[in-house]
Amino acid sequence: MYDGTALDLRDTTVAAADLLAAIRGESPTSLDVTCSSPTPPHDVLGHVSLDDAIPSRRALLAAAARSRGHTAPQRPAYDASLRKLRELEVPTVDVATARKRVADAGAEEAQLRERMATLRGRLQARRETDAETASVTTDLTDTAARLSEVETERIAAEQALDRQERRAADAREVRQRRLELEDRVANLERRMRASLAERISSVFDEERDSLGSLDALGSVEFDGADADVSVTSDDLLSQLVAVRVADLAAPVVVSASVFTDARSAARSLDASVILL
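Residues numbered from 1 in each chain as written. Predicted model: local features only at pLDDT ≥ 70, side-chain atom pairs only at ≥ 80, totals over all residues. Heavy atoms only, no water.

Visitor: I'm lost on the overall build of the chain in this one. Help?
Guide: Secondary structure assignment for the chain yields nine helices and four strands. Going from N to C terminus, the chain has its helices and strands arranged as β-α-α-β-α-α-α-α-α-α-β-α-β. A compact globule built from 276 residues would reach a C-alpha radius of gyration of about 19 Å, whereas the chain, at 36 Å, exceeds it by more than 25%. Overall, the chain is about 115 × 45 × 35 Å in size when its C-alpha atoms are taken along their principal axes. Across the 276 residues in the chain, those meeting the buried criterion constitute 36%. Pairs at least 24 apart in sequence give 74% of the contacts found in the chain among residues at least 6 apart. (Helix = DSSP H or I, 4+ residues; strand = E, 2+ residues; numbered from the N terminus. Rg over C-alpha atoms; globule rule 2.2 N^0.38 Å. Buried < 20%, exposed > 50% of the residue type's maximum accessible area, 1.4 Å probe, protein only. Contact = heavy atoms within 4.5 Å.)

Written out as structure tokens, the structure is:
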């Protein structure tokens, strides 16, 4: 059992993903972590690592600002637009199937009309030679009945196709509206990040100067990071500073080899820390 606000678990086999899940209560895990409930900014700032792409400076500052209780003036518009976006569902319309039904009914109707013409000719020929006509007459009657059914089916299929095409047009309008809302939400989100980042940019710069002297930053092995993730010492420093200026209730997991011990990490970051 480990207890405290500065824990060193580097001699354990605990995985960062499992530890973060336990802290955030995201999924069942064998780990039992008792701590203050993390706030949304913890998703951005709660893990200092070289194996994950570090968010942009603006995103880091925005998360830190939110943790300190700042809100962006664009928030009401963003919430309203996001709510509309979530409520706006593009209906599924199957025009292809409706068109096929029309085509199939039309093809069968054409075949039946052709057969009707053939049977009428055959019936006329038999009458002219006084031959038996009962079988041809029955066949003609049955074909006429089926033709009437198919005509009805074709008309119904055409009406259904018309309805589907109108629904498809409506769906295109909804899809366009959804694209417009997605663009608006994305734009408002960018403006919110910029606004929040500006709120604490001066504090960030001041703390960056103090943390920039960390000797450990010069010895971090960036070559050992994930080959698909590009992380620089400047990226790492920005993340560390953002954590320091943030107000995070839940502990920060540090799996980057920046600090010699958990106590120095907690002091530098001004936060509860778990080293991995």
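Visitor: Looking at this model, I keep getting lost on the environment of P40. Mind explaining?
Guide: In this fold, P40 is placed in the loop between α1 (16-24) and α2 (42-45). In this structure the C-alpha to C-alpha distance between P40 and S67, which are 27 residues apart in sequence, comes to 8.0 Å.

Visitor: I tried to follow the packing of helix α8 (residues 233-245) against helix α9 (residues 262-269) on my own but got confused; where do I start?
Guide: How two helices pack is summed up by the angle between their axes together with the distance between the axes. Packing of α8 against α9 leaves a shortest axis separation of 8 Å and a crossing angle of 75°. Classified by the interaxial angle, the pair formed by α8 and α9 is roughly perpendicular. The residues of α9 that touch α8, namely those facing L240, V243 and R244, are R267, S268 and L269. (Axes fitted to C-alpha atoms, helices over the stretch in contact; angles between N-to-C directions. Parallel < 35°, antiparallel > 145°, perpendicular 65-115°, else oblique.)

Visitor: Explain the pattern of salt bridges here, please?
Guide: Note on pairing: side chains with opposite charge can pair once their charged atoms come close. This model, assessed by the stated rule, comprises 18 salt bridges. For R146, the salt bridge goes to E153, with nearest N and O atoms at 3.5 Å. The salt bridge partner of R154 is E158, with a shortest N-O separation of 3.3 Å. Here R154 and its partner E158 are both found in helix α6 (residues 134-199), four residues apart, which amounts to about one turn of the helix. Each of E109, R113, E151, R154 and E158 takes part in one network of salt bridges that share partners. (Salt bridge = Lys/Arg side-chain N within 4 Å of Asp/Glu carboxyl O.)

Visitor: Hey, could you run me through a positive patch on the surface in this one?
Guide: Judged by side-chain charge, R83, K84, R184 and R191 come together as a positively charged surface patch. Broken down by secondary-structure element, the contributors of at least two residues to the positive patch are α4 (75-87) and α6. Within the secondary structure, R191 sits in helix α6. (Patch = residues over 30% accessible without salt bridge, like charges linked within 9 Å, V, L, I, M, F, W, Y side chains within 5 Å. Areas by Shrake-Rupley, 256 points an atom, 1.4 Å probe, with all protein chains shown as cover. Lys, Arg positive; Asp, Glu negative; His and termini not counted. Charge placed at Lys NZ, Arg CZ, Asp CG, Glu CD.)

Visitor: How do you make sense of the sheet that holds strand β4 (residues 273-275) when you look at a structure like this?
Guide: In any sheet, the strands associate via hydrogen bonds between backbone groups, in a parallel or an antiparallel arrangement. The four strands lie next to each other as β1-β4-β3-β2, forming an open sheet whose pairing is parallel. Each of the sheet's edge strands pairs with one partner strand only, and the pair in question is β1 (6-8) and β2 (47-48). Examined bridge by bridge, β1 and β4 share three bridges and lie parallel to one another. Its bridge partner lying in β4, A6 is registered against V273. (Pairing = 2+ DSSP bridges.)

Visitor: Help me out: how do you make sense of the confidence of the model for the chain in this one?
Guide: Interpretation of the predicted coordinates at a detailed level should be avoided for regions scoring low in pLDDT. Looking at the chain, the pLDDT average stands at 87 and 91% of residues meet or exceed 70. Here helix α7 (residues 201-211) stands out as the element of the chain with the lowest mean pLDDT, 83, in contrast to α4, whose mean of 95 is the highest. Predicted confidence for residues 221-230 stays below pLDDT 50, and this span has 17 contacts to residues more than four positions away or in other chains. (pLDDT = per-residue confidence, 0-100.)

Visitor: Just to check I follow, could you spell out the nonpolar core for this structure?
Guide: For soluble globular proteins, nonpolar side chains are generally found buried alongside one another. Ranked by size, the top nonpolar core spans 44 residues in total, and within it L45, V48, L236, L240, V254 and L269 carry the most contacts. For this core, the secondary-structure elements that each account for two or more residues are α3 (57-67), α4, α6, α7, α8, β3 (252-254), α9 and β4. No other element matches α8, which puts seven residues into this core. Contact partners of V254, with chain neighbours within four places excluded, come to V48, F259, L269, V273, I274, L275 and L276. (Core = buried A, V, L, I, M, F, W, Y, C linked by side-chain atoms within 4.5 Å.)

Visitor: Looking at this structure, I do not really get α3. What am I missing?
Guide: Turn by turn, an α-helix covers 3.6 residues, leaving residues three or four places apart pointing in a common direction. Extensive coverage of α3 is indicated by the burial of eight of its 11 residues. Buried residues of α3: A59, L60, L61, A62, A63, A64, A65 and S67, and no others. In the core, the buried residues of α3 are packed alongside α2, α6, α7 and α8. At the C-terminal side of α3, G69 shows a positive phi close to 90°.

Visitor: Whenever I open this one, the environment of G106 confuses me. Can you help?
Guide: Assignment of secondary structure puts G106 in helix α5 (residues 95-128). Judged by its relative accessible area of 27%, G106 is partly exposed. With 17 residues separating them along the chain, G106 and L123 place their C-alpha atoms 25 Å apart.

Visitor: Help me understand α1, please; the structure alone is not making it clear to me.
Guide: Among all positions of α1, only A16, L19, L20, A21, A22 and I23 are buried. The inward-facing, buried residues of α1 contact α2, β2, β3 and β4. One or two positions beyond α1, positive phi appears at G25, with a value near 60°.

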